[in-house]
Amino acid sequence: MRIDLIAVGQKLPAWVYQACDDYIKRFPRELVFRITEIPLVKRGKNADIQRICRDEGKKLLAAAAQGSMLVALDANGKQLTTEQLASTLQAWMQSGRDITLFIGGPDGLSDEILQRAEQRLSLSKMTFPHALVRIILAEQLYRAWSVINHHPYHRA
């Protein structure tokens, strides 16, 4: 199974890539986690935010693997405990489909992505920098895998 995290934004600080890579290397061969970056559309003074979100959304969808389950990270999405995420991950793995997770730009995800997403998840009621969201998501998915497999990483 493959989990693709497709995120708007490039050229992040090196520590973001290092932290993500640290968790990505821990995943087992049968659960591949990849991150794909989509360029941020420039925003000017009087930017048409709806158009920008639409344009970014089209690029996000174009990068998604055909037939994968689309999951939007959205402030209004469902919040899960670690154990609930582990159950969700287990269901995803049993579905036989790849998973595509979307992180939007500074103005969020397009309406099209939100409508097409089979699930919407929220990491918190707080707002995090998008670079940090990548790390949190990679860590939490690895933790969820460790819960499923009784790996000592998760010691709750």
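Residues numbered from 1 in each chain as written. Predicted model: local features only at pLDDT ≥ 70, side-chain atom pairs only at ≥ 80, totals over all residues. Heavy atoms only, no water.

Engineer: What's the story with the overall build of the protein in this structure? I'm lost.
Structural biologist: Helices and strands together make up the secondary structure of the protein, namely 5 helices and 5 strands. Of the regular secondary structure in the protein, the N- to C-terminal order runs β-α-β-α-β-α-β-α-β-α. A compact globule built from 156 residues would reach a C-alpha radius of gyration of about 15 Å, and the protein, at 15 Å, matches this within 12%. Every one of the 156 residues in the protein was classed for burial, and the buried ones make up 44%. Accessible surface, the protein: about 8,900 Å² in total, of which carbon and sulfur atoms supply 49%. The positive charge centre, built from 21 side chains, and the negative charge centre, built from 16, are 3 Å apart in the protein. (Helix = DSSP H or I, 4+ residues; strand = E, 2+ residues; numbered from the N terminus. Rg over C-alpha atoms; globule rule 2.2 N^0.38 Å. Buried < 20%, exposed > 50% of the residue type's maximum accessible area, 1.4 Å probe, protein only. Areas by Shrake-Rupley, 256 points an atom, 1.4 Å probe, with all protein chains shown as cover. Lys, Arg positive; Asp, Glu negative; His and termini not counted. Charge placed at Lys NZ, Arg CZ, Asp CG, Glu CD.)

Engineer: What am I meant to see in helix H2 (residues 49–63) here?
Structural biologist: The periodicity of an α-helix, 3.6 residues per turn, causes residues three or four places apart in sequence to face the same way. Here H2 contains 15 residues, and its C-alpha end-to-end distance of 21 Å stays within 8% of the 21 Å for a straight helix at 1.5 Å per residue. Those residues of H2 lying buried are Ile 52, Cys 53, Glu 56, Gly 57, Leu 60 and Leu 61. For H2, the buried positions fall inside an angular range of 165° around the axis, keeping them on one side. Turned more than 90 degrees off the buried face of H2, the exposed positions are Lys 58 and Ala 62. In this structure, the buried side of H2 is in contact with strand E1 (2–8), strand E2 (32–38), strand E3 (69–79), strand E4 (99–103) and helix H4 (111–116). (Expected span 1.5 Å × (residues − 1). Arc of directions from axis to C-beta. Contact = heavy atoms within 4.5 Å.)

Engineer: I'm lost on the nonpolar core in this one. Help?
Structural biologist: Note on soluble globular proteins: their nonpolar side chains tend to be buried together. If you look at the biggest cluster of nonpolar residues, it comprises 26 residues, and the most contacted ones within it are Ile 3, Leu 89, Trp 92, Leu 101 and Leu 141. Every element with two or more residues in this core is listed here: E1, E3, helix H3 (82–95), E4 and helix H5 (130–148). Looking at this core element by element, the count peaks at 8 residues for H5. Counting residues in each nonpolar core, the second largest holds 13 residues, with Ile 6, Val 8, Leu 70 and Ala 117 among its members. (Core = buried A, V, L, I, M, F, W, Y, C linked by side-chain atoms within 4.5 Å.)

Engineer: Would you mind going over the side chain of Asp 74 with me for this structure?
Structural biologist: Note that Asp 74 resides in strand E3. Look past the residues within four positions of Asp 74 in its chain and what remains in contact with it is Leu 114, Arg 120, Leu 121 and Ser 122.

Engineer: What's the story with unusual backbone geometry in this structure? I'm lost.
Structural biologist: With the exception of glycine, most residues fall at negative phi, and the peptide bonds are largely trans. One non-glycine residue, Lys 11, adopts positive backbone phi at about 55°. On the secondary structure map, Lys 11 appears in the loop between E1 and helix H1 (14–26). If you check the backbone angles, His 150 has positive phi at about 55° while not being a glycine. The topology assignment puts His 150 in the segment after H5. His 150 sits in the exposed class, given a relative accessible area of 73%.

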